[in-house]
Amino acid sequence: MSLDEITSRIAVAENRAGRVPGSVKLIAVSKVQPPERVEAVLKAGHRLFGENRVQEAAGKWPGYRERFDGLSVHLIGPLQTNKIKQALDLFEAIHSVDRPKLASKLATEVQARGTCPELFVQVNTGEEPQKAGVLPDDLDSFVKQCQDLDLPISGLMVIPPVDEEPSLHFALLRKMAERNGLEGLSMGMSSDFESAIALGATHIRVGSGVFGERVPT
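Residues numbered from 1 in each chain as written. Predicted model: local features only at pLDDT ≥ 70, side-chain atom pairs only at ≥ 80, totals over all residues. Heavy atoms only, no water.

**Student:** Break down the layout of surface pockets for me, citing the residues and quoting the values.
**Tutor:** For the second largest pocket, the calculated volume is near 220 Å³. Lining of the second largest pocket is provided by 12 residues; of these, Asn52, Arg53, Val54, Glu56 and Pro78 occupy positions nearest its centre. The class makeup of the residues in the lining of the second largest pocket is four nonpolar, three polar and five charged. (1 Å grid on protein atoms, 1.4 Å probe; cavity = no way out; pocket = protein on both sides within 12 Å on 5 of 7 lines; lining within 4 Å. Points joined across faces, edges and corners; volume = space filled by probe spheres on them. Nonpolar A, V, L, I, M, F, W, Y, C, P; charged D, E, K, R; others polar.)

The structure is reproduced here in structure tokens:
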């Protein structure tokens, strides 16, 4: 696939779902992609990217920001508390707010700076022990805790279990977002983003569909 094909499929999915054209944001997941692939997508005009690791982003995006205007880089992987300051310097959005300690330390740093990136709470809808994210039963209280800390939570994020129907998890995430008055839904990847769009995704995260398969390291 390619960037053009993905954007065309997004437009078709938006139309099929009765969504406003352009209402779904494509996060091009650039983690571990070689520079020539990232630059090709940048030169094609795309400006929204996703990274899994703070350190990888720190070595990549400051240089690109000097060359390309209007960049927005989102952290879609886990955030360690000792990387918060660096993350706030690097990212316009963080999709992986997932525990009280992280929320508390984020709030302290955000208040000191007076600015905050867009924040999504990661939900472990499959209740998988090896996966990060707030458990569904804890979600409402966690969102309230974040709001009590003056963290402006804008939405929820999910990575469905690989062996389950993703649309069930997308629908669950949408219900939880609606219940908490949140509009952002970060859900859907290369293999299932059209289902996510049908169920209300505002942000989809596509890597291989945009860049091709990852180069082995």
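There is more to say after this.
**Student:** Tell me about helix α3 (residues 54–67), and please be specific about residues and values.
**Tutor:** With 14 residues, α3 extends 20 Å between its outermost C-alpha atoms, agreeing within 8% with the 20 Å of an ideal straight helix rising 1.5 Å per residue. By the largest-angle criterion, Trp61 marks the main kink of α3, which is about 30 degrees, and a proline, Pro62, follows within four residues. Check the buried side of α3 and you find it contacts α2 (35–43), β2 (48–51), β3 (72–75) and α4 (84–90). (Helix = DSSP H or I, 4+ residues; strand = E, 2+ residues; numbered from the N terminus. Expected span 1.5 Å × (residues − 1). Bend = angle between axes of the 7 residues up to and from the residue. Contact = heavy atoms within 4.5 Å.)

**Student:** So what's going on with unusual backbone geometry? Residues and values would help.
**Tutor:** Look at Glu127: it is not a glycine, yet its phi comes out positive at around 50 degrees. Along the chain, the position of Glu127 falls in the loop between β5 (118–123) and α6 (139–148). Look at Glu127 and you get partly exposed, because its relative accessible area is 48%. Its identity is not glycine, yet Asp150 carries a phi of approximately 65 degrees, on the positive side. Structurally, Asp150 is set in the loop between α6 and β6 (153–158). (Buried < 20%, exposed > 50% of the residue type's maximum accessible area, 1.4 Å probe, protein only.)

**Student:** For the pairing of β6, give the residues involved together with the corresponding values.
**Tutor:** With five of six residues buried, β6 is to be regarded as a mostly interior element. The pairing of β5 with β6 spans five bridges and is classified as parallel. Bridge pairing in β6 places Gln122 opposite Met157. Assessed by its sense of winding, the connection that carries the chain from β5 through α6 to β6 is right-handed. With three bridges connecting them, β6 and strand β7 (residues 184–186) associate as parallel partners. Note that in β7 the partner of Met157 across the bridge is Ser186. (Pairing = 2+ DSSP bridges. Right-handed = clockwise from strand over helix to strand, strands pointing away.)

**Student:** How would you summarise the side chain of Glu109 if you had to cite specific residues and measurements?
**Tutor:** Residue position: Glu109 is located in helix α5 (residues 100–113). The class of Glu109 is buried, set by a relative accessible area of 15%. Only 2.9 Å separates the side chain of Glu109 from the side chain of Arg113, close enough to count as a polar contact. If we skip the residues at most four places from it in the chain, Glu109 touches Ile84, Lys85 and Leu88. (Polar contact = N/O pair within 3.5 Å; in protein donor to acceptor, adjacent residues only side chain to side chain.)

**Student:** Report on the pairing of β2, specifying residues and quantitative values.
**Tutor:** Residues of β2 alternate between two faces, with Leu48 and Gly50 on one and Phe49 and Glu51 on the opposite face, all of them buried. Taken together, the two bridges between strand β1 (residues 25–29) and β2 define a ladder with parallel strand orientation. Counterpart to Val29 in the pairing with β2 is Gly50. In the classification by handedness, the crossover that spans β1, the intervening α2 and the parallel β2 is right-handed.

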